[in-house]
Amino acid sequence: MSSEVWPLPGAIAYGGDYNPEQWPRHVWDEDVTLMREAGVNLVSVGIFSWAKLEIEEGVYDFTWLDELLDLLHGHGIAVDLATPSVSPPAWFFAAYPQARAIDADGVVMGFGSRGMASHASPEYRSAIVQMADQLAERYASHPGVVMWHVHNEYGVPVGEDFSEASVAAWRNWLQHRYQSLENLNAAWGTAFWGQYYRQWDHVVAPARTPTVVNPAMKLDWARFTDDQLRECYRLERDAIRAHATQPITTNFMAHQSWNTDLWKWAQEVDIVSDDHYLWSPDPDAHVALALSADLTRSVAGGRPWILMEHSTSAVNWQGQNIAKRPGEMQRNALTHLGRGADAIMFFQWRASRSGAEKFHSAMLPHAGPSSRVFREVTELGHRLGRLGELQGGRTRAEVAVLYDWESLWAQDLEWRPSDDLAFRERMRTYYERLWRDGIAVDFAHPSADLSGYRLVVAPASYLLTAAAAENLTRYVADGGTLLVSCFAAAVDENDAVHPGGFGVPLQTALGVSVQEYLPMRTGETCQVDFNGHTLTTDVWTEDLTLAGAEVLGHYRGGPADCAPAITRHRHGSGTGWYVSTRLDLAGLTPVFQAAYADAGLTPAGHPEGLEVMRRYVRDEPDTPAVAPTERPRAEHASTEHAPTADADREATGTTEYVIAVNHRPDAATLKVPGTDLFTGELIDGELTLPGGSTAVVRTQEPITHPQPR
Ligand code: GLA
């Protein structure tokens, strides 16, 4: 991202949602003083403020917001100004009760919460455009407003809507997509269970039905919902753009979102931003955090992004809300930064005394500024203040993990061979293998240009179009290494089995297809003999048909006893691997080792639990560092990142930064000569990171002249 687009050039943004309308005026003065103390330089304002801004229809009160923006600006705190469309006021629903969303059971969403409007309601759409227009007209030229924040987390709490307006929009959407009922009948396979349609107005939404709804219809409904939400976003964005030049964003939820296809959403925003919350039951939730950060950067096309929300300590909406322990918030923040975030923001600045989120942590907790949390918030703010030179830095990866929201939607539908095989679980386990091996990854859509990657991993490609399969086949033919997990390429874009059977579109690349899925009973396990290792597996096996692949792993026990389990196939100048079962992290270890060898990759070999990330800043301003797809696949890989840092500098004139996060309780060392940006000290060879700590190292001074080797 060029620094023109970044709202705070040369600085890492730090702050959070700020909801001062919940507090008396004198508290605002304390807020800005403490914000400065904590190093806050950006806050998101107005996300839930509609009722305070439009007090009755068409009657606005901007006085408090005028005063607030001036106060913040006067204290050097920039504003990400939000539109409040996620929370229409009581008067709106009283005037337009038909604008409330309706769920699949026909239940109308009541007032008294947030996010209950129908995305298709003409009254809602008109009201959000007016509100965005008013805000943008008034504040477009306010010097403190550096960016715009549209809505809040599209798709939650309400994504799907079965109101009359939504069903009417759905029929229009289908007419546009299919042109004729004949096409729709063919795509949905309506000959099955006698669902054939002869009139457009007979086509209903997939609401509650006696048993399973047509899956192709449901998949289209997910696409429709996503499109509708994006239409609402565009309406507000364009209303803002008519007045304002600042970048416009909306906050995504990467791996935690369901309703939104972020590959498409990222095309619509000026800067990608994301919210991420740790999932308390997961003891290794920092791995899911890393996944989410890599996914966010990837949908952003590698450009720096904004971590719009995370928590300083506990959230309040999980069964058991586990507080972060000392140092954990900083480790979380640094992982986001190391994976491309140029803004570290929280929900929220000051903890709310009232309402549904009073037990949610904040930058300034109920315990006030002399609390542990505020001390850590201040320390983090000061540390980030020393990292301005990283702003705009890119990451590099030689491995791509395929991620497609359409495949997630499709695999999540009902009546699959096993409920125990899930998209998100496979994605996490495959990602975690790479994370533990210290291999940097990008995520990619299966149709993307993959030619810059040595290894492409497909953990959950249940839905794979013929065109995407061709893309992967070409990738292998051209020398890539492809590693595909079970239940891949089962269906096409209509959730229909590919002609010829399961996995057939990948047969040329993998040398194998699938006769039958052979899932196991819950709790049942069997073995796979692979390269001298005995791997234990569960949940899923397959009966494979070989079409040229060599068999490197056989089942021992289970429904596919003695049959091929793991295969490898040479196609063109590349290699296609197929893993037909649900291996766990340990089981995947030797399989990945073998695939790394094919791809010419070597795991980093860091101590377990030491997370090491790298960012590269181009010496010339405003020129993005070299993106992976621009780099030819090298003949030999070095550890972690090839080529080495020194060679990189010569080749591209970049400065390399190492961001290290020690998740271990004890100290870890890392060979990284350079300057520790937190302490300013020179590191003579080896950096020691105490247990739970973080460090950011500039590996050498920026190069202004070519260096001799
Ligand atoms: C979401 C919302 C915030 C807040 C947090 C709490 O991310 O965007 O308004 O409710 O959750 O974790």
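Here, every reference points to the structure presented above.
First, a word on scope: everything that follows refers to the structure included in this document.

**So, the side chain of Asp294**
Secondary-structure assignment places Asp294 in helix H10 (residues 285-299). A polar contact is formed between the side chain of Asp294 and the side chain of Arg297, at a distance of 2.7 Å. Once residues within four sequence positions are removed from consideration, Asp294 is found in contact with Arg339, Tyr431, Val441 and Phe443.

**Some words on helix H12 (residues 372-385)**
Between its terminal C-alpha atoms H12 stretches 20 Å, which fits the 20 Å expected from 14 residues at 1.5 Å a residue. Val373, Phe374, Glu376, Val377, Thr378, Leu380, Gly381 and Leu384 are the residues of H12 that are buried. Turning to H12, the residues buried within the fold contact strand S1 (13-18), helix H1 (25-38), helix H11 (328-338) and strand S11 (341-346).

**A few points about the packing of H1 against helix H3 (residues 63-74)**
For the pair H1 and H3, the least separation of the axes is 10 Å and the interaxial angle reads 25°. Classified by the angle between their axes, H1 and H3 sit roughly parallel to one another. For the pair H1 and H3, the sense of crossing is right-handed. From H1, Arg25, Trp28, Asp29, Val32 and Met35 reach across to H3, where they touch Trp64, Glu67, Leu68, Leu71 and Leu72. Class assignment of the residues belonging to the contact of H1 with H3 gives a composition of 7 nonpolar, no polar and 3 charged.

**Some thoughts on the sheet that holds strand S12 (residues 399-402)**
On the basis of which strands lie adjacent, the open sheet formed by 10 strands has the order S13-S12-S14-S15-S22-S21-S20-S17-S18-S23 and mixed pairing. If you trace the sheet from one side to the other, it starts and ends with strand S13 (441-444) and strand S23 (582-583), each paired once. Sheet analysis places S12 next to S13, joined by 4 bridges and oriented parallel. What sits directly across from Leu402, in S13, is Ala444.

**Re the site of the ligand**
If you check the shell around the ligand, you find Phe48, Arg114, Asn152, Glu153, Asp275, Tyr277, Glu309, Trp317, Phe347, Glu357 and His360 and nothing else. A distance of 2.5 Å is found between an oxygen atom of the ligand and a side-chain nitrogen or oxygen belonging to Glu309. When the free accessible area of the ligand is taken as 300 Å², the share hidden by the protein chains comes to 96%. Within the shell around the ligand, the residues separate by chemical class into 4 nonpolar, 2 polar and 5 charged.

**Description of the packing of aromatic side chains**
Per the counting criterion, the structure on display carries 39 aromatic pairs. Considering the side-chain rings of Tyr517 and Trp540, the 5.1 Å spacing of their centres and the 45° angle between planes classify their relative orientation as tilted. Placement of the pair is Tyr517 in strand S16 (residues 512-519) and Trp540 in strand S19 (residues 540-546), with a sequence separation of 23 residues. Note on Tyr517: relative accessible area 10%, which makes it buried. A connected cluster of aromatic rings, assembled from ring pairs, spans Trp50, Trp91, Phe92, Phe93, Tyr96, Phe111 and Tyr124.

**Description of the pattern of salt bridges**
Considering all chains together, one arrives at 40 salt bridges under this definition. One salt bridge in this structure joins Glu268 and Arg234, with 3.2 Å as the shortest N-O distance. You can see Glu268 sitting in the loop between helix H9 (262-265) and strand S9 (273-275) and its partner Arg234 sitting in helix H8 (residues 215-241), a full 34 residues away along the chain. Where Asp437 meets Arg433, a salt bridge forms, and the shortest distance between an N and an O atom there is 3.0 Å. Note on accessibility: Asp437 and Arg433 belong to one class, buried. Salt bridges sharing common partners tie together Asp282, Asp284, Arg428, Glu432, Arg436 and Glu608.

**Considering the state of the cysteines**
For the coordinates displayed, the defined rule picks out 0 disulfides. Considering cysteine sulfurs only, Cys562 is the nearest to Cys526, which forms no disulfide, with 11 Å between them. Owing to a relative accessible area of 2%, Cys526 belongs among the buried residues under this scheme.

Basis of the calculations
Residues numbered from 1 in each chain as written. Predicted model: local features only at pLDDT ≥ 70, side-chain atom pairs only at ≥ 80, totals over all residues. Heavy atoms only, no water. Helix = DSSP H or I, 4+ residues; strand = E, 2+ residues; numbered from the N terminus. Polar contact = N/O pair within 3.5 Å; in protein donor to acceptor, adjacent residues only side chain to side chain. Contact = heavy atoms within 4.5 Å. Expected span 1.5 Å × (residues − 1). Buried < 20%, exposed > 50% of the residue type's maximum accessible area, 1.4 Å probe, protein only. Axes fitted to C-alpha atoms, helices over the stretch in contact; angles between N-to-C directions. Parallel < 35°, antiparallel > 145°, perpendicular 65-115°, else oblique. Left-handed = near helix turned anticlockwise from the far one by under 90°. Nonpolar A, V, L, I, M, F, W, Y, C, P; charged D, E, K, R; others polar. Pairing = 2+ DSSP bridges. Near = heavy atom within 4 Å. Areas by Shrake-Rupley, 256 points an atom, 1.4 Å probe, with all protein chains shown as cover. Phe/Tyr/Trp six-rings, centres within 6.5 Å; stacked < 30°, edge-to-face > 60°. Salt bridge = Lys/Arg side-chain N within 4 Å of Asp/Glu carboxyl O. Disulfide = S-S within 2.5 Å.

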